[in-house]
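Residue-level structural notes
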Amino acid sequence: MPAPDHVIRRDGIHLFFDPDEPPRLRVKSGDRIRVETEDAGMGSVRSERDVYASIGELFEKLGGANPVTGPIFVEGVAPGDCVAITIEDIVPGAVQHQGYTALTPGIGGLIGRYGLQDDLPPRTVICPIEDKIIKFPARGGFIDIPVSPFLGTIGVAPAQERRLAFSQGADFGGNTDIPLHGIGATLVFRANVAGALISLGDAHAAQGDGEIAGAAVECQADVTLLVERIAAADAHYVALPQVNTETFIGSVAGLGGVNLGDTVRSAYVDIIRRLERFHGFSRDEAYLLACQTAKVRIGQVVDPLYSAAVTIERRYIQ
């Protein structure tokens, strides 16, 4: 891989997607950037003694969660243009050579009426990362989990009011925890402000669909990106951020407070409209093709955050 044109350090973190945040870096379309990211707990969790009794305690201590590095200003990008961010590499646990997962009361997918997590005390579990293997401690030893790193939080500045990096929205992306946002994926966002103001962080070394405990294997990471401007007419953009690879195209819905069913439906609508507008299908053809071939990946089932990606393989639409 060619050397990066720019490096943005881990100390360049902040807690908002904010149109008024001064850019930490200005780049040209086509530049390669190495971005150092901090973990979701802003470096406050380094051992199993570092435990949060509630999500409120974490926010009170840190001012938020899921810090993002940036923003990155892409020269030549105007509001309405799109930016394509190709993830070329992610090195999880780049400094600490470990990640952590946790049980934190009040956040997770199996709380309240489902009752499973409510009976469990707060806990932090440190997971060493060695030779692309996560050492997950259990039953007096370790279970080896292959690393499958991705970015849990990435997006662009909204048009007006700033949004917490912990939040999500169709207009800016944010905290969607979609496992497809890993090496080889190209993420496409529509810019709301000049330069787009890209920020990213919250890397995960691994995560199952749904992130049901509210924490993946959270870690620092060194991320290599290729950033490009795409004219609105060429982006095949409808309403939602995209995740595309050499083998599929996908639409990502993270709508903030919208239930999982409607979140999945929104991603389906976006991908069907892409097939209709840009790939030559009638609407009924696109609808039925999606019914037979589309796949759904769930990022979060962590009330009030729900997210999903709907993908269709390129072989069906070429």
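1. Some details on helix H3 (residues 283–293)
Considered for burial, the residues of H3 that qualify are Ala286, Leu289, Ala290 and Thr293. When H3 is viewed along its axis, its buried side chains cluster within an angular range of 100° and face the same direction. Along H3, the residues that are exposed and aim more than 90 degrees away from the buried face are Asp284, Tyr287, Leu288, Cys291 and Gln292. The inward-facing, buried residues of H3 abut helix H2 (260–278), strand E21 (295–302) and strand E22 (305–313).

2. Points about the environment of Thr247
Tracing the backbone shows Thr247 in the loop between strand E19 (242–244) and strand E20 (248–254). Excluding anything up to four places from it in sequence, Thr247 contacts Ile312, Glu313 and Arg314.

3. Here's the deal with the side chain of Thr86
Turning to its location among the elements, Thr86 is positioned in strand E7 (residues 82–92). At 2.8 Å, the side chain of Thr86 forms a polar contact with the side chain of Thr186. Thr86 has contacts with Ala185, Thr186, Thr224, Leu225 and Leu226, leaving out every residue within four places of it along the chain.

4. Some words on the packing of aromatic side chains
Considering all chains together, one arrives at two aromatic pairs under this definition. Note that Arg26 overlies the ring of Phe73, its terminal NZ or CZ placed 3.9 Å from the centroid. For the cation-ring pair, Arg162 lies above Phe16, with the distance from its terminal atom to the ring centre recorded as 3.6 Å.

5. Things to note about the sheet that holds strand E9 (residues 123–130)
One open sheet accounts for four strands, arranged E8-E9-E10-E11; its pairing is antiparallel. Each edge of the open sheet carries a strand with a single partner, namely strand E8 (98–103) and strand E11 (141–146). If you compare each strand with its neighbour and ignore which way they point, the axes differ by 30° on average. The sheet contact formed by E8 and E9 spans six bridges and is antiparallel. If you follow Thr101 over to E9, its bridge partner there is Val125.

6. Quick notes on the environment of Asp81
With respect to the secondary-structure elements, Asp81 resides in the loop between strand E6 (68–74) and E7. Sequence-wise, Asp81 and Glu246 are 165 residues apart; in three dimensions their C-alpha atoms are separated by 22 Å. Looking at Asp81, its side chain comes within polar contact range of the main-chain nitrogen of Ala78, at 2.8 Å. In terms of polar contacts, Asp81 uses its side chain to reach the side chain of Arg229, at 3.1 Å.

7. Quick notes on H2
In this model, H2 (19 residues) spans 27 Å end to end at C-alpha, consistent with the 27 Å of a helix rising 1.5 Å per residue. Residues Thr263, Val264, Ala267, Asp270, Ile271, Ile272, Arg274 and Leu275 constitute the buried set of H2. On its buried face, H2 is in contact with E19, E20, H3, E21 and E22. N-cap assignment for H2: the residue whose side-chain oxygen lies 3.1 Å from the backbone N of Gly261 is Asn259. The positive-phi residue at the C-terminal boundary of H2 is Gly280, with phi of around 85°.

8. Regarding the pattern of salt bridges
On inspection of all chains with the given rule, the structure shows 13 salt bridges. Salt-bridge contacts for Arg46 lead to Asp39; the nearest nitrogen and oxygen are separated by 2.9 Å. Residue classification places Arg46 among the partly exposed positions, given a relative accessible area of 27%. Between Arg315 and Glu313 there is a salt bridge whose closest N-O contact spans 2.7 Å. Connected through salt bridges with shared partners, the residues Arg9, Arg10, Glu36 and Asp222 form a single ionic network.

Cut-offs used in this document
- Residues numbered from 1 in each chain as written.
- Predicted model: local features only at pLDDT ≥ 70, side-chain atom pairs only at ≥ 80, totals over all residues.
- Heavy atoms only, no water.
- Buried < 20%, exposed > 50% of the residue type's maximum accessible area, 1.4 Å probe, protein only.
- Helix = DSSP H or I, 4+ residues; strand = E, 2+ residues; numbered from the N terminus.
- Arc of directions from axis to C-beta.
- Contact = heavy atoms within 4.5 Å.
- Polar contact = N/O pair within 3.5 Å; in protein donor to acceptor, adjacent residues only side chain to side chain.
- Phe/Tyr/Trp six-rings, centres within 6.5 Å; stacked < 30°, edge-to-face > 60°.
- Lys NZ or Arg CZ within 6 Å of the ring centre and 35° of its normal.
- Pairing = 2+ DSSP bridges.
- Axes fitted to C-alpha atoms, helices over the stretch in contact; angles between N-to-C directions.
- Expected span 1.5 Å × (residues − 1).
- Salt bridge = Lys/Arg side-chain N within 4 Å of Asp/Glu carboxyl O.

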